[in-house]
Amino acid sequence: MTQTLPDQRRSAGGVLAGRSLNEIGLIAAIVVLYVVLGSTAAGFLSLDNQLGMLRDAATVGIAAWGVTLVIIAGEIDISIGPAVAFSSVLVAKGASEWGLGVVPAMLVTLVAGAAWGALAGWLRARFDVPSFIATLGIWSALGGLGLYMTDALPVVLPESGLFEVLGGTILGIPTPAIVMVVLFAAFTYIAHYTPYGRSVYAVGGNAPAARMAGINLAKIRVVLFATTGLLAAITGVLLAARLGSGNGGAASGLEFDVIAAVVIGGTALAGGRGSMLGTLLGVIFITVIGNGLVLLGVDSFLQNVVRGVIIVVAVLVNVIITKRTRATRES
């Protein structure tokens, strides 16, 4: 039976209530983390440390905006870490050893990022290859290429004012953080106020129905993965500028932080639900935890254990909220 208008309004209200509850919970958790770490971790509240966290947040956040849309569409992209590392190698090689110059090397890197992302999307759209497998192949290929091209050694960037700006600050704010905020605003608008954004939600909610409604699923999927590839390339360029070199072993495990931030932010792995604001809060949550564990002197191996436990608990809370929201919607 077709849902009546009151039913639809109640359903939308339940979704918004669940999303708000998740975001309020995350804000409360971040506040608690700041209070606890501010009183126990020396230097946590210092300006230098806060600016450092902004840089770290940008490394996760820029890619997370694209991955949010991918997961909302019911897909997954696990290629982010090697894609970022390979992009840092590509821009360094292009600007130094291949003689392309700084700006052309950056452009080549961005185009290449969009291209390998589009390839994963094409495999998903044309041959119905699961996105996990398609991006796993990209993950393996780019990871191997990055190390092969550099013999696992850093490739030093040439002296450049542009790289200094990208790896430095603008008016005291880390440049990557500024890029992250600008892209956050752009993707928030795209997700909620454009036909493309609404199509992404529709595909994630019910792909067959979206196809019947005239939405081009193949185009949506190719664009989604091309976008995450482009964002990974942007992150790689910024990371290379920050480190002063390209490194095929950089950004190891970044894809897991990105996916964790997106899911903690309330995006449903099954697709159809999520928000950029939630992902932003998830990025902050992940960044604060990582920084706090380092300042507290927790053993690096135990850091992964603690972060894993916290992430599982946060996702469990998300699942509980989702179930309660669904129950409210169906009642």
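Residues numbered from 1 in each chain as written. Predicted model: local features only at pLDDT ≥ 70, side-chain atom pairs only at ≥ 80, totals over all residues. Heavy atoms only, no water.

S.K.: Give a description of the overall build of the chain that names residues and reports values.
M.R.: Secondary structure assignment for the chain yields 13 helices and four strands. For 331 residues, the compact-globule estimate of 2.2 N^0.38 gives 20 Å, and the C-alpha radius of gyration of the chain, at 20 Å, lies within 12% of that figure. Dimensions along the principal axes, computed over C-alpha positions, put the chain at roughly 65 × 55 × 35 Å. Each of the 331 residues in the chain was classed as buried or not, and the buried ones make up 49%. Taking all contacts inside the chain whose residues are at least 6 apart in sequence as the whole, residues at least 24 apart take part in 78%. Charge centroids of the chain, computed over 18 positive and 15 negative side chains, lie 16 Å from each other. (Helix = DSSP H or I, 4+ residues; strand = E, 2+ residues; numbered from the N terminus. Rg over C-alpha atoms; globule rule 2.2 N^0.38 Å. Buried < 20%, exposed > 50% of the residue type's maximum accessible area, 1.4 Å probe, protein only. Contact = heavy atoms within 4.5 Å. Lys, Arg positive; Asp, Glu negative; His and termini not counted. Charge placed at Lys NZ, Arg CZ, Asp CG, Glu CD.)

S.K.: Describe the environment of Val-262, naming the residues involved and giving the relevant values.
M.R.: Relative to the helices and strands, Val-262 resides in helix α11 (residues 254-264). On the basis of relative accessible area, Val-262 is assigned to the buried category, the value being 0%. In sequence terms Val-262 and Leu-280 are 18 residues apart; their C-alpha atoms lie 8.1 Å from each other.

S.K.: Give me the lowdown on the pattern of salt bridges, citing residues and values where you can.
M.R.: Working definition: two side chains of opposite charge can pair if their charged atoms are close together. If you walk through the whole model with that rule in mind, you get five salt bridges. For Lys-93, the salt bridge goes to Glu-97, with nearest N and O atoms at 2.9 Å. Taken as a pair, Lys-93 and Glu-97 lie in helix α3 (residues 80-97) at a separation of four residues, close to a single helical turn. One salt bridge in this structure joins Arg-124 and Asp-128, with 2.5 Å as the shortest N-O distance. Owing to a relative accessible area of 13%, Arg-124 belongs among the buried residues under this scheme. Residue classification places Asp-128 among the exposed residues on the basis of a relative accessible area of 53%. Among the charged side chains, a network of salt bridges with common partners joins Glu-75, Arg-124, Asp-128 and Arg-221. (Salt bridge = Lys/Arg side-chain N within 4 Å of Asp/Glu carboxyl O.)

S.K.: If you had to explain helix α8 (residues 195-205) to someone new, which residues and values would you point to?
M.R.: Structural remark: α-helix, 3.6 residues per turn; residues separated by three or four positions point the same way. Listed as buried for α8 are Gly-197, Ser-199, Val-200, Tyr-201, Val-203 and Gly-204. Taken together, the buried residues of α8 touch α2 (47-72), α7 (175-193), α9 (207-212) and α10 (217-243).

S.K.: Residue-level account of the packing of aromatic side chains, with values.
M.R.: With the rule as written, the count across this model stands at five aromatic pairs. Between Trp-65 and Phe-184, the ring centres sit 5.2 Å apart and the planes meet at 55°, which makes this aromatic pair tilted. Remark: Phe-184 occurs in helix α7 and Trp-65 occurs in helix α2; sequence separation between them is 119 residues. Side by side, Trp-65 and Phe-184 carry an identical accessibility label, which is buried. Consider the rings of Phe-86 and Trp-116, whose centres lie 5.6 Å apart with planes at 65°: the pair is edge-to-face. (Phe/Tyr/Trp six-rings, centres within 6.5 Å; stacked < 30°, edge-to-face > 60°.)

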